[in-house]
Amino acid sequence: MKCPFCGHDETAVVDTRLSDEGDIVRRRRKCNVCDKRFTTYERAEIRLPQVVKKNGSRTEFSRDKLRASLELALRKRPVSTELVDAAVAEIEEKLLSAGLREISSQQVGELVMAELKKLDKVAYIRFASVYRNFEDVDAFSKAIREVSPNSRKK
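These notes cover the structure that comes with them. (Residues numbered from 1 in each chain as written. Predicted model: local features only at pLDDT ≥ 70, side-chain atom pairs only at ≥ 80, totals over all residues. Heavy atoms only, no water.)

### Structural notes on the overall build of the protein
Looking only at helices and strands, one finds five helices and six strands in the protein. Listed by position from the N terminus, the elements making up the protein come as β-β-β-β-β-α-α-β-α-α-α. Computed over C-alpha atoms, the radius of gyration of the protein comes to 23 Å, more than 25% over the 15 Å expected from 2.2 N^0.38 for 154 residues, which places it beyond the range of a compact globule. The principal-axis extents of the C-alpha atoms in the protein amount to approximately 75 × 35 × 25 Å. By sequence separation, contacts in the protein at least 24 residues apart represent 40% of the contacts at least 6 residues apart. Carbon and sulfur atoms make up 49% of the accessible area of the protein, which totals about 10900 Å². The distance from the centre of the 32 positive side-chain charges to the centre of the 25 negative ones in the protein is 3 Å. (Helix = DSSP H or I, 4+ residues; strand = E, 2+ residues; numbered from the N terminus. Rg over C-alpha atoms; globule rule 2.2 N^0.38 Å. Contact = heavy atoms within 4.5 Å. Areas by Shrake-Rupley, 256 points an atom, 1.4 Å probe, with all protein chains shown as cover. Lys, Arg positive; Asp, Glu negative; His and termini not counted. Charge placed at Lys NZ, Arg CZ, Asp CG, Glu CD.)

Next up, the structure:
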């Protein structure tokens, strides 16, 4: 590990500790040349699939974009931050377990819809109205019937 102070290549590990969750290793290091100490952190690199947009372009999966979409749909709804965190983690877990190198934005949208349906029906309808680009009131009504506990499937 290169010393951030003098740039020398040789440093010694003085102390190693795991985070409380056990997913990050914290190391205290000391430079063999300038004797200054610094901290490094190690964590596993998780490779989520690239997202293929409707126009064919590819982009890195963004946890922040995912969270922003959920929060926008859930705006002014009684859903805790912990539940949003859990939904983000659930979607990421599904993406990782799929083992794909690429995933379409439509598939990501469907995962978001499934989580919103579990979290809050109003947020689900909000997201669906934009995501599915409802053309008329009938499509909107159909989505509402889909989540309404009083509706009966015919």
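### Some points on the pairing of strand β3 (residues 37-43)
In the sheet, strand β2 (residues 24-31) pairs with β3 via seven bridges, with the strands oriented antiparallel. When the bridges of β3 are listed, K30 appears paired with R37. Between β2 and β3, which pair antiparallel and follow one another directly, the connecting turn spans five residues, one of which, D35, has a positive phi of 65°. (Pairing = 2+ DSSP bridges.)

### Quick notes on the nonpolar core
Ranked by size, the top nonpolar core spans 25 residues in total, and within it L66, L70, L74, V112 and L116 carry the most contacts. Secondary structure elements with two or more residues in this core: α1 (63-73), α2 (81-98), α3 (105-119), α4 (121-131) and α5 (137-147). (Core = buried A, V, L, I, M, F, W, Y, C linked by side-chain atoms within 4.5 Å. Buried < 20%, exposed > 50% of the residue type's maximum accessible area, 1.4 Å probe, protein only.)

### With respect to the pattern of salt bridges
Within this structure, the stated rule accounts for 11 salt bridges. One salt bridge in this structure joins D15 and R17, with 3.0 Å as the shortest N-O distance. Here the residues in one salt-bridge network are E90, K94, E115 and K118, joined through shared partners. (Salt bridge = Lys/Arg side-chain N within 4 Å of Asp/Glu carboxyl O.)

### What to know about the packing of α1 against α2
One can describe the packing of α1 onto α2 by two numbers: an axis separation of 10 Å at closest approach and a directional angle of 130°. Taken together, α1 and α2 sit at an angle that is classed as oblique. Between α1 and α2 lies a crossing of right-handed hand. Note on element contacts: α2 touches α1 through V84, D85, A87, V88, A89, I91 and E92, opposite R63, L66, R67, L70 and E71. (Axes fitted to C-alpha atoms, helices over the stretch in contact; angles between N-to-C directions. Parallel < 35°, antiparallel > 145°, perpendicular 65-115°, else oblique. Left-handed = near helix turned anticlockwise from the far one by under 90°.)

### Some details on α1
Among the residues making up α1, those that are buried are L66, R67, L70 and A73. Projected down its long axis, α1 carries its buried residues within an arc of 130°, all on one side. Turned more than 90 degrees away from the buried face of α1, the exposed residues are D64, K65 and L72. Looking at the packing, one finds that the buried side of α1 touches α2, α3 and α4. (Arc of directions from axis to C-beta.)

### A few points about the packing of aromatic side chains
Scanning the model with the defined rule gives zero aromatic pairs in all. Against the face of F5 rests K36, its NZ or CZ located 5.2 Å from the ring centre. (Phe/Tyr/Trp six-rings, centres within 6.5 Å; stacked < 30°, edge-to-face > 60°. Lys NZ or Arg CZ within 6 Å of the ring centre and 35° of its normal.)

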